[in-house]
Amino acid sequence: MYLNNHTYYSMRFGTFSEIDLLELAKENHVQKLVLTDINNTSACLNFVRKASEYNIVPVLGIDFRNGAQQQFVAIAKNNDGFKELNDYLSIHLHQKSTIPEKAPAFKEAFVIYPFEKIMAAEITQFQPNEFIGVSINELRKLRFSKLRELTTKLVVLQPVTFRNKRDFNAHRLLRAIDNNTILSKLQPEEQAGIDERMLPLKQLKEKFEDFPFILENTQKLLDECQIHFDFSANRKPQNQQIFRESRASDEQLLDELCQKAVSFRYPEAKEEVYTRMNSELKVIKQLNFVSYFLLNWRICEYAREKGYFYVGRGSGANSIVAYLLQITEVDPIELDLYFERFINEYRTSPPDFDIDFAWNDRADITRFIFEEFPNTALLATYNTFQYKAVIRELGKVFGLPKEDIDKLCDGYLPKSEIDNLHKIVLKYGDLIQGMPNYISIHAGGILISDKPLTYFSALDLPPKGFPTVQFDMVIAEDVGLYKFDILAQRGLGKIRDSLEIIAQNQPNAAPFDIHDIHKMKQDPNINKLVREASCIGCFYVESPAMRMLLRKLQTDTYLGLVAASSIIRPGVAKSGMMREYIMRHRYPERRSNAHPELARIMPDTYGIMVYQEDVIKVAHYFAGLSLGEADVLRRGMSGKYRSRAEFQQVEEKFISNCKEKKIAEKTIFEVWDQIKSFAGYAFAKGHSASYAVESYQSLFLKTYFPLEYMVATLNNGGGFYSPEMYVHEAKMQGATIEPPCINKGDFHNTIHGKTIYLGFGYLKELEQRAAQRIIENRNFHGAFKSLEDFINRVSIGIEQLSILIRINAFRFTGVDKYKLLWEAHFKLSKAPKRPDQLPLFVPKHKDFTLPALNTTSLEEAFEQIELLGFPLCGHFELLKEDPKTTHGQKDLKDFLNKNILIYGYLVTVKNTKTAKGDRMHFGTFIDSEGQFFDTILFPPVAKKFSFRGPGVYALYGKVTEEFDFLSIEVSKMRKEAYITDPRFAEENLATGHRLEKMKSLEERKEVQTKS
């Protein structure tokens, strides 16, 4: 009887979830229920999935509105009708058009118009599928309306938006947030009536007892509606099932591609290659995953045609078929990758491929996918109301002063100052927190469906311009839609751009194949970088934690790097097995501590679970679980499982099976604790191996073309560290770093021999169009000869020109930049705003006699800090007082277990907490010679001393060693003072002008703020 029910996916309107709605319906003895969110279908699939658990028959529809103004409610008779509604809503969402008062002629859907609208419009003619909806409050008006004579057209339309008064209050707050208004000014038409609640079914029927035909019409309408989506364990995948014209032709194509690729991947293929390939192909065909492989193959084939770099990773790297199709670059035979982790006969979901592309190539790949495959959409994710954001929004709704809102957000408002309004904000903040705020786009998920995706959902059209479903990845998998992960990363951009920069800067360099990973794995020079952890700038292996691990492991092999990239994950570290792995790796005699069965199952990792497939192996071989049950553990670790009860059952069986095998109880629970600690963190071995391939490519470039690689790193946004650190690394590799130059610079960084010119893009205040004009003019007319020549040729204002002069971009003139600044102001400051089109005749400029001006290196450094964000000299040169010692990283070994005073420039800080919740810090620094060293501030020290931003710190503490890795346990720390900025010294001739300009700028900002 309830045809108009909302959840909180009626964004900023509804107040509870689809599960809450089902619980509410069950409490009120409702057996068939229609979900009709406002212009949204996000909850529909999960509503259908969960309805049977509440003995409720689900029906789907949409409440079509313009803002809060209801136009009509449409209810799908069946799945085709649901698609009709989704198609119609999608058009309006894409076009951002208003919903008309009259619904289109739906073939498989009912339309219900609100009673008040029909009465006002005096409409009496209706299509067979059209009805008039009457709420409980509108019954009194119906008695006096001619519409009561339309006995076959009246149905119950009692909206359900709230459960109680608290929900109603939350709704009003959400509406005020949505309308960006304070609560007292929220208009009545922008909110629902307090009566939009669900009554027990018996009471509802009593309200309509004078109009039995309305109840009969409503029941008849409901009886004609049914919806079905398969959520069973044996559901069929809904992804595109046929790649070409038939399943048989797809299987033939897959066979041909694999056979053809064997000679490419395995020039001397052994029997095990064909055995593994045929075994995989058999399972792939048996489970109908052929098209899934071919779709991924086609995407990667297009990328290769375009010359795009990509990395296929995830569990897909466990498959030799994926390797043959060049979806991945990892040889599963070489690494003994466990195929059953990827696909097994118990698995209903298709394999998981994650394909990374360079950050600025992914858009074209996405465009290609949408053009190549007919039923394609991006996957949604939900941005929910976060606590601080809710408090801030509610503070504005109640008109609180900004100071109070800030204090409430940060939890700093004293209890003595908290009044009733503050309490209400906090109370409803807790209620609204976690509710959906708006739909966003999944980081890389794309759906390629067999059916049009409006069969499942309406489609949004976000700013990226690609249709997006209104549900997330979890419900997508539940209904049989498995995403293609098309992801972006900057590491691939570095590799791609490095090749171009090398070709330009070293055209006579010996040719090499960046994809010859086998050769790179055997290269002692590359493996030396791995062993020494000299990996700054290299993908996935440059962070302080990773460099520390590599130093401790002292690994110098590809397989060692694969393991390192997985044991660094929190799951392994949390269980204490990372330390145990290092010990067993470094000290072979300790490997005997492993349980014999675990050592047999996982010989490569010394009996320690490092990868996701290790858990499957242990569950299957150690505890005797089936592969299907073991996969439940795997999904549990990745956080994708739905049922904790199912996970609990597997846990109980794991323990009972081990007890039946007479395994010691202590061992059982040690192994189980390892498995649980993996939750959400463990990598598949193929995933780690794929990352290691990219790491080796970047390590190759770092080894043989370090300067070109650093330029590419900077041009692709760096990596773990700030741009300053990559500039520093380039200097350590022998580069000369020059600030931006008018004649040799570009928007990005460029290299000429061993000289790197920083790009105009680093000048924070320089407009991009100004840089573009400079580059275009220079490329077309040649190098600039002087400042005057530049002014005559480039349309630029005095403020933009001043930035270029201050960074010394005109140093080719040999004229001091202070003199150039005076000249620029004489020639431009009083001139009218220059047009984009330059004058036909070159104007004559007067020459002025200026006093002798000279810019010092220290002035240059502070100018660079202001404009670039960092100086090109060393920070130690800017200290007010000289360091009391010259100790550096090279001296740490001489101070082992002793205290040392050392000075270092802060690179990065990792803040963490102990098991007891106490705060501690890991700090990474560079010494006066540019070498990295690491520090630890344990909780007692962290309470006394804190990091105060970038700068040079004096650090005093004990040098400790663990597995040959040296670090300093800091006991005292002080940030050192820099000299006073010499640009503002009274004796500096430019100071007066500079202060005057700053004052002028501040006055201008103040005027703009007031206006």
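The structure we're discussing is the one just above.
Residues numbered from 1 in each chain as written. Predicted model: local features only at pLDDT ≥ 70, side-chain atom pairs only at ≥ 80, totals over all residues. Heavy atoms only, no water.

A. Quick peek at the overall build of the chain. Along the chain, the regular secondary structure elements total 40 helices and 22 strands. Scaling as 2.2 N^0.38, a compact globule of 1011 residues should have a C-alpha radius of gyration of about 30 Å, and the chain matches this with 34 Å. Counting only C-alpha atoms, the chain reaches 100 × 80 × 65 Å along its principal axes. Here the chain holds 1011 residues, and the buried ones make up 55% of them. For the chain, restricting intrachain contacts to residue pairs at least 6 apart in sequence, the fraction spanning at least 24 positions comes to 70%. Put simply, the chain shows about 46,000 Å² of open surface, and 50% of that area lies on carbon and sulfur atoms. (Helix = DSSP H or I, 4+ residues; strand = E, 2+ residues; numbered from the N terminus. Rg over C-alpha atoms; globule rule 2.2 N^0.38 Å. Buried < 20%, exposed > 50% of the residue type's maximum accessible area, 1.4 Å probe, protein only. Contact = heavy atoms within 4.5 Å. Areas by Shrake-Rupley, 256 points an atom, 1.4 Å probe, with all protein chains shown as cover.)

B. Spotlight on the environment of Leu858. Take Leu858: it is sitting in helix H38 (residues 857-868). Here Leu858 falls in the partly exposed class, since its relative accessible area comes to 31%. Taking C-alpha positions, Leu858 is 7.4 Å from Leu878, a pair spaced 20 residues apart along the chain.

C. Spatial organisation of the packing of aromatic side chains. Considering all chains together, one arrives at 45 aromatic pairs under this definition. Note on Phe539 and Tyr691: the rings are 5.1 Å apart at their centroids and 80 degrees apart in plane angle, and the pair reads as edge-to-face. Taken together, the residues Phe539 in the loop between helix H21 (524-532) and helix H22 (544-553) and Tyr691 in helix H31 (residues 685-704) connect sequence positions 152 residues apart. For Phe539, a relative accessible area of 13% corresponds to the buried category. (Phe/Tyr/Trp six-rings, centres within 6.5 Å; stacked < 30°, edge-to-face > 60°.)

D. Local environment of the sheet that holds strand E2 (residues 32-38). Strand order across the open sheet formed by seven strands is E1-E2-E3-E4-E5-E6-E7, with mixed pairing between neighbours. Two strands in the sheet have a free side with no partner beyond their single neighbour: strand E1 (2-5) and strand E7 (154-156). Between one strand and the next, the sheet's axes are offset by a mean angle of 35 degrees, whatever the strand orientation. The sheet contact formed by strand E6 (residues 130-134) and E7 spans three bridges and is parallel. Bridge pairing in E7 places Val134 opposite Val156. (Pairing = 2+ DSSP bridges. Axes fitted to C-alpha atoms, helices over the stretch in contact; angles between N-to-C directions.)

E. How the structure looks around the side chain of Thr218. By the element assignment, Thr218 lies in helix H8 (residues 212-223). At 2.7 Å, the side chain of Thr218 and the backbone oxygen of Ile214 are in polar contact. Those residues within four positions of Thr218 in sequence are excluded, and the remaining contacts are Met1, Leu3, Val155 and Val156. (Polar contact = N/O pair within 3.5 Å; in protein donor to acceptor, adjacent residues only side chain to side chain.)

F. Seen up close, the packing of helix H9 (residues 247-265) against helix H11 (residues 290-306). With their axes 10 Å apart at the nearest point, H9 and H11 run at an angle of 55 degrees to one another. As judged from the angle between their axes, H9 and H11 are oblique. Here the hand of the crossing between H9 and H11 comes out left-handed. Counting all contacts with H9, which are made through Asp250, Glu251, Leu253, Leu254 and Leu257, the residues of H11 involved are Val290, Ser291, Phe293, Leu294 and Trp297. For the contact of H9 with H11, the residue count by class is seven nonpolar, one polar and two charged. (Parallel < 35°, antiparallel > 145°, perpendicular 65-115°, else oblique. Left-handed = near helix turned anticlockwise from the far one by under 90°. Nonpolar A, V, L, I, M, F, W, Y, C, P; charged D, E, K, R; others polar.)

G. The arrangement of the pattern of salt bridges in detail. Scanning the model with the defined rule gives 52 salt bridges in all. Note that Glu130 is salt-bridged to Lys102, the shortest N-O span being 2.8 Å. In this pair, Glu130 sits in strand E6 while Lys102 sits in the loop between helix H3 (79-95) and strand E5 (109-114), placing the two residues 28 residues apart along the sequence. Looking at Lys102, the relative accessible area reads 47%, which means it is partly exposed. Through salt bridges with shared partners, a single ionic network connects Arg806, Lys817, Glu860, Glu863, Glu866, Asp981 and Arg983. (Salt bridge = Lys/Arg side-chain N within 4 Å of Asp/Glu carboxyl O.)

H. Structural detail: helix H2 (residues 44-51). In terms of burial, H2 is largely enclosed, as eight of its eight residues are buried. Residues of H2 that are buried: Cys44, Leu45, Asn46, Phe47, Val48, Arg49, Lys50 and Ala51. Buried residues along H2 sit against helix H1 (18-27), E2, strand E3 (57-66), H3 and helix H18 (473-478).

I. Main features of the side chain of Arg496. Take Arg496: it is sitting in helix H19 (residues 490-505). Residue Arg496 is classed as buried on the basis of its relative accessible area of 12%. The contacts of Arg496, once residues within four sequence positions are left out, are Phe309, Ala358, Asn360, Asp361 and Asn716.

J. Structural view of the nonpolar core. One finds Phe790, Leu801, Leu804 and Phe810 to be the most contacted residues of the largest nonpolar core, which totals 104 residues. Residues in contact with Phe810, not counting those within four places in the same chain, are Ile742, Leu787, Phe790, Leu801, Leu804, Ile805 and Leu820. (Core = buried A, V, L, I, M, F, W, Y, C linked by side-chain atoms within 4.5 Å.)

K. Molecular detail of the sheet that holds strand E16 (residues 750-752). What the three strands build is an open sheet, ordered E15-E17-E16; its pairing is mixed. Each edge of the open sheet is held by one strand with a lone partner, namely strand E15 (736-738) and E16. With strand direction ignored, the average angle separating the axes of adjacent strands in the sheet is 25 degrees. Looking at chain direction, E16 and strand E17 (residues 755-757) are connected through three bridges and run antiparallel. Bridge assignment links Ile751 to a residue of E17, and that residue is Ile756. Of the strands in this sheet, E16 and E17 are in contact with helix H32 (residues 706-715), which crosses E16 at around 160 degrees.

L. How the structure looks around helix H36 (residues 798-806). In terms of residue burial, H36 counts as a mostly covered element, since seven of its nine residues are buried. For H36, the complete set of buried residues consists of Gln800, Leu801, Ser802, Ile803, Leu804, Ile805 and Arg806. Of the residues trailing H36, Asn808 is marked for its positive phi of about 70 degrees.

M. Quick look at unusual backbone geometry. The phi dihedral of Asp336 falls on the positive side, at around 55 degrees, and the residue is not glycine. Here Asp336 shows up in the loop between helix H12 (320-324) and helix H13 (339-342). One non-glycine residue, Phe963, lies in the positive phi region at around 55 degrees. Locating Phe963 in the fold gives a position in the loop between strand E21 (952-962) and strand E22 (965-975). For Phe963, a relative accessible area of 8% puts it in the buried group.

N. Local environment of the pairing of strand E4 (residues 69-76). Among the eight residues of E4, seven are classified as buried, and the element is accordingly described as predominantly covered. Sheet topology places E3 next to E4; six bridges connect them, and they run antiparallel. In the strand pairing of E4, Asn66 is matched with Gln69. Here E3 folds back onto E4, and the loop between the two strands holds two residues, one of which, Gly67, carries a positive phi near 65 degrees.

O. Seen up close, the packing of H9 against helix H10 (residues 271-286). The geometry of H9 relative to H10 is characterised by a closest axis approach of 12 Å and an angle of 165 degrees between their N-to-C directions. By the angle between their directions, the pair H9 and H10 is classed as roughly antiparallel. When you trace H9 past H10, the crossing you get is right-handed. Of the residues in H10, those touching H9 at Glu251, Leu254, Asp255, Cys258, Gln259 and Val262 are Val273, Tyr274, Met277, Leu281, Ile284 and Lys285. Among the residues making up the contact of H9 with H10, the classes are represented as eight nonpolar, one polar and three charged.

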